[in-house]
Amino acid sequence: SPSSLKNLILSRKNVILQGVPGVGKTFISKKMAYAIMGEKDDDKILRIQFHPEYSTDEFLEGYRPDGIGIYKFRRGCFKIHCAKAANDPSHKYFVIIDEINRGNIAKIFGESFMLIEPNKRGKENFIELSCSKERFFVPNNLYIIGTTNTTSHEFAITDYALRRRFAFYTVKP
């Protein structure tokens, strides 16, 4: 039910919606974020899609080529969104990750993976990032909703570290 999913998101902070293609997992993710925020504010939602080549350089920080092929240091979308949430603690922020199971979680989250656990969030639980040497933390007002298709055995979620950090909610047709 919608209320049980809302409670699961608020209590666990990291939830993966699983189900067959076409049941509306992405649609539900966005609507649930709006419902929890109490408003429709897309500036408080980061939507991304994982794929096998996605990496921490794009997600957290790293050196990436610019338009002419010169590598420059850039902050990743997750790091930027975490900073927005940290600077606005009175509002809830969301990261919606479509097809979370298609990415290499260790390669994408890098050293920040432990910080998404609810008891390892906040300024006091920072890590020093290896590239920038900046202190990084995941704020308490950030919620992560992932989606995964249950019909794709090729991309089944077998990562136990991921399973431990996320609650799973099945969306039925």
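Our subject is the structure listed above.
Anyway, here's the lowdown on the structure attached to this text. (Residues numbered from 1 in each chain as written. Predicted model: local features only at pLDDT ≥ 70, side-chain atom pairs only at ≥ 80, totals over all residues. Heavy atoms only, no water.)

## Concerning the state of the cysteines
With the rule as written, the count across this model stands at zero disulfides. No disulfide involves C77; its nearest neighbouring cysteine sulfur is the one of C82, lying 9.6 Å away. Free of any disulfide, C131 has its nearest cysteine sulfur in C77, 15 Å distant. You can call C131 partly exposed: its relative accessible area is 34%. (Disulfide = S-S within 2.5 Å. Buried < 20%, exposed > 50% of the residue type's maximum accessible area, 1.4 Å probe, protein only.)

## Some points on the packing of helix α1 (residues 2–12) against helix α2 (residues 25–37)
The N-to-C vectors of α1 and α2 enclose an angle of 75°; their axes lie 11 Å apart at closest approach. The angle between the axes of α1 and α2 places the two elements in the roughly perpendicular class. For the pair formed by α1 and α2, the contact residues are P2, L5, K6, I9 and L10 on the first element and I28, M32 and I36 on the second. In the contact of α1 with α2, the residues fall into seven nonpolar, no polar and one charged. (Axes fitted to C-alpha atoms, helices over the stretch in contact; angles between N-to-C directions. Helix = DSSP H or I, 4+ residues; strand = E, 2+ residues; numbered from the N terminus. Parallel < 35°, antiparallel > 145°, perpendicular 65-115°, else oblique. Contact = heavy atoms within 4.5 Å. Nonpolar A, V, L, I, M, F, W, Y, C, P; charged D, E, K, R; others polar.)

## Comments concerning α2
Taking 1.5 Å per residue, 13 residues should reach 18 Å; α2 reaches 18 Å between its end C-alpha atoms and fits that length. Looking at α2, one finds that the buried residues are K25, S29, M32, A33, Y34, I36 and M37. Taken together, the buried residues of α2 touch α1, β1 (14–19), β2 (45–49), β5 (93–98) and β8 (142–149). (Expected span 1.5 Å × (residues − 1).)

## Section: the environment of F166
Checked against the element boundaries, F166 lands in the loop between α6 (160–165) and β9 (167–170). For F166, a relative accessible area of 2% corresponds to the buried category. Between the C-alpha atom of F166 and that of N104, which follows or precedes it by 62 residues, the distance is 15 Å. For F166, the residues in contact, after removing those within four places along its chain, are R12, N14, V15, I16, I100, I116 and I144.

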